[in-house]
Amino acid sequence: MEKPLENIRVLDLSRVLAGPYCTMLMGDMGADVVKVERPGKGDDTRGYGPPFLNGESTYFMSANRNKRSITLDIKNEQGQSILKSLVTRADVLVENFRPGTLDRLGFGYAQASAINPTLIYCSVSGYGHTGPMAEVPGYDLIVQGEGGIADLTGDADGPPTKVGTSQADIVAGMNAFQGILLALLSRAQTGQGQKIDIALLDCQVSLLTYQAGIYFGTGKSPTRMGNKHPSIAPYETFRCSDGYVNIGCGNEVIWRRFCEAIGMTQLLEDSRFATNADRVENRSALNQILDPLLQTRTAAEWIEILRPRSIPVGPIHSVGEVLEHPQILARQMVTELQHPTAGPIRLTGNPIKMSATPPEIQRPPPVLGEHSFEILNDWLGMEKSEFQGLVESGAI
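Every value quoted in this text rests on a predicted model; they were computed, and no experiment measured them.

A. A look at the pairing of strand 12 (residues 334-339). In the sheet, strand 12 pairs with strand 13 (residues 343-348) via 6 bridges, with the strands oriented antiparallel. By the bridge assignment for strand 13, Q338 is matched with P344. Taking the residues between adjacent antiparallel strands as the criterion, strand 12 and strand 13 are bridged by 3 residues.

B. Layout of the sheet that holds strand 10 (residues 244-248). Here we have 3 strands laid out as an open sheet, ordered 9-10-11, and antiparallel in their pairing. Looking at the sheet topology across the chains shown, the edges are occupied by strand 9 (235-239) and strand 11 (313-315). Strand-to-strand twist in this sheet, taken as the mean axis angle between neighbours without regard to direction, amounts to 25°. The pairing of strand 10 with strand 11 spans 3 bridges and is classified as antiparallel. Bridged to N246 within strand 11 is G314. Here helix 13 (residues 283-294) sits on the sheet and contacts strand 9 and strand 10; the angle it forms with strand 9, its principal contact strand, is near 40°.

C. Summary view of the environment of R256. Relative to the assigned elements, R256 resides in helix 11 (residues 252-261). Take R256: its relative accessible area is 44%, and that puts it in the partly exposed class. R256 sits 112 residues away from L368 along the chain, and the two C-alpha atoms are 58 Å apart.

D. The arrangement of the packing of helix 1 (residues 18-28) against helix 8 (residues 167-190) in detail. At a closest axis distance of 7 Å, the pairing of helix 1 and helix 8 adopts a crossing angle of 45°. The orientation of helix 1 with respect to helix 8, classified from their angle, is oblique. The element helix 1 and its partner helix 8 pack so that their crossing is right-handed. Seen from helix 1, the contacting residues are A18, Y21, C22, L25 and M26; seen from helix 8, they are D169, I170, A172, G173, M174, A176, F177 and I180. Broken down by class, the residue content of the contact of helix 1 with helix 8 amounts to 11 nonpolar, 1 polar and 1 charged.

E. Molecular detail of unusual backbone geometry. In this structure, the amide linkage connecting G49 to the following residue, P50, adopts the cis form with an omega of 0°. The topology assignment puts P50 in the loop between strand 2 (32-37) and strand 3 (52-53). Between A233 and the following residue, P234, the backbone shows a cis peptide bond with an omega angle of -10°. Looking at the element boundaries, P234 is found in the loop between helix 10 (209-218) and strand 9. Within the chain, Q332 stands out as a residue other than glycine whose phi angle is a positive 55°.

F. Examining the environment of L119 more closely. Turning to its location among the elements, L119 is positioned in the loop between helix 5 (109-115) and strand 7 (120-125). Assessed through its relative accessible area of 1%, L119 is described here as buried. With 257 residues separating them along the chain, L119 and L376 place their C-alpha atoms 19 Å apart. Aside from chain neighbours lying at most four places away, what touches L119 is V87, A90, D91, V92, L93, A112, G193 and Q194.

G. Structural context of helix 1. Of all 11 residues making up helix 1, 11 are buried, and the element is well covered by its neighbours. Regarding helix 1, the residues found buried are A18, G19, P20, Y21, C22, T23, M24, L25, M26, G27 and D28. Tucked inside the fold, the buried residues of helix 1 contact strand 1 (9-12), strand 2, strand 6 (92-95), strand 7 and helix 8.

H. Layout of the sheet that holds strand 1. The strand order across the open sheet formed by 6 strands is 5-2-1-6-7-8, and the pairing between neighbours is parallel. Two strands close off the open sheet at either side, each with one partner strand: strand 5 (68-71) and strand 8 (195-199). Averaged over all pairs of adjacent strands, the angle between strand axes in this sheet comes to 20°, irrespective of strand direction. Bridging between strand 6 and strand 7 involves 4 bridges; their strand directions are parallel. When the sheet's bridge partners are listed, E95 is paired in strand 7 with S123. Along the sheet, helix 8 makes contact with strand 6, strand 7 and strand 8, crossing strand 7 at roughly 165°. The sheet strands contacting helix 17 (residues 372-380) are strand 1, strand 2 and strand 5, and the helix crosses strand 5 at an angle near 95°.

I. Representation of the packing of aromatic side chains in the model. Per the stated rule, a full pass over the model turns up 5 aromatic pairs. Over the face of the ring belonging to F97 we find R15, whose NZ or CZ atom lies 4.3 Å from the ring centre. One cation-aromatic arrangement involves K384 over F373; the distance from NZ or CZ to the ring centre is 4.4 Å.

J. Molecular detail of a nonpolar patch on the surface. Taken together, the side chains of Y139, L141 and I142 make up a nonpolar region of the molecular surface, amounting to roughly 340 Å² of accessible area. Mapping I142 onto the fold places it in helix 6 (residues 140-146). According to the relative accessible area criterion, I142 is partly exposed, its value standing at 42%.

Criteria and cut-off values
- Residues numbered from 1 in each chain as written.
- Predicted model: local features only at pLDDT ≥ 70, side-chain atom pairs only at ≥ 80, totals over all residues.
- Heavy atoms only, no water.
- Pairing = 2+ DSSP bridges.
- Helix = DSSP H or I, 4+ residues; strand = E, 2+ residues; numbered from the N terminus.
- Axes fitted to C-alpha atoms, helices over the stretch in contact; angles between N-to-C directions.
- Contact = heavy atoms within 4.5 Å.
- Buried < 20%, exposed > 50% of the residue type's maximum accessible area, 1.4 Å probe, protein only.
- Parallel < 35°, antiparallel > 145°, perpendicular 65-115°, else oblique.
- Left-handed = near helix turned anticlockwise from the far one by under 90°.
- Nonpolar A, V, L, I, M, F, W, Y, C, P; charged D, E, K, R; others polar.
- Phe/Tyr/Trp six-rings, centres within 6.5 Å; stacked < 30°, edge-to-face > 60°.
- Lys NZ or Arg CZ within 6 Å of the ring centre and 35° of its normal.
- Patch = residues over 30% accessible without salt bridge, like charges linked within 9 Å, V, L, I, M, F, W, Y side chains within 5 Å.
- Areas by Shrake-Rupley, 256 points an atom, 1.4 Å probe, with all protein chains shown as cover.
- Salt bridge = Lys/Arg side-chain N within 4 Å of Asp/Glu carboxyl O.

Shape is all these values report; function is a separate question.
Structure representation (structure tokens):
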């Protein structure tokens, strides 16, 4: 069956992570993604490392599969002419330059939509294209701090802490992907393209959900609580005799089963722990009882006791343990490809599982400029002699 984004042409002017993550998802769903890169340098992340595999950055490869790469100097007059021609044939353009940069080069939304009114133009930036901070450059680390996420992460008596992945970039890429899909649906109804303005900071604020609700309800900012949940107890990480385990009693039925499983039914009669609200209020007293008890067995033993009783429980896995786990492998969340220079590589899979039109990983991350002529021939019908002239002029 035809892929959901088959025949959708994507012009990817983005680099680093947020934009490339978005366009990678589009490529997985069948879009023809053309990654435009600087001649001789390419995406910044081609230099991020170590590690490198035969000179190829594992960082770059993690977010750029299912794309074709063309090198194009968009400050060069001939390069701009080529880019303009590509814009006229694109369905989607994705960029993450600082707001105003592409306008000055003649490829802002107003200019691009004038030559292609059906174009869906997605801009990803730190703070968006409106507001007093629009022109400030934004990076994942900075925005995790400004968006409140870092202030909520870490131990109560420790420093604010960023999330262990580039969460701000990745969430922005996901929202960009969703916005583009919605715009494609809208275009199918109206025939018109539109601009999508995704800000990393907006995306961080959208993740605050119930933490924002705490502030709106009390007027006080919630604070760091380590692995504890501000509104549920017990719902946190507990020390065992050999490590740690996560236990989550998300409702009263689970709480009852938990008390029975650990041999502490007397807790069910204790008025301090009668309801979830009571347990949150008396969390310290509850943990004084649970902590020493849970340290009497290993994490595996507690999982063996709790999981068969449908009590949410799980170990703390390292990245390596995750990527070798039977469940992860069964769900095709690790895929293997042959790269032209790096050799055999493994990448994370696509989490969107569809019965009729599943995502498909067909192309390894491209070598810089690997498909330049192929793209210009496919999209513009360019002959080899004309392409060679562009190479000699420095445009390609």
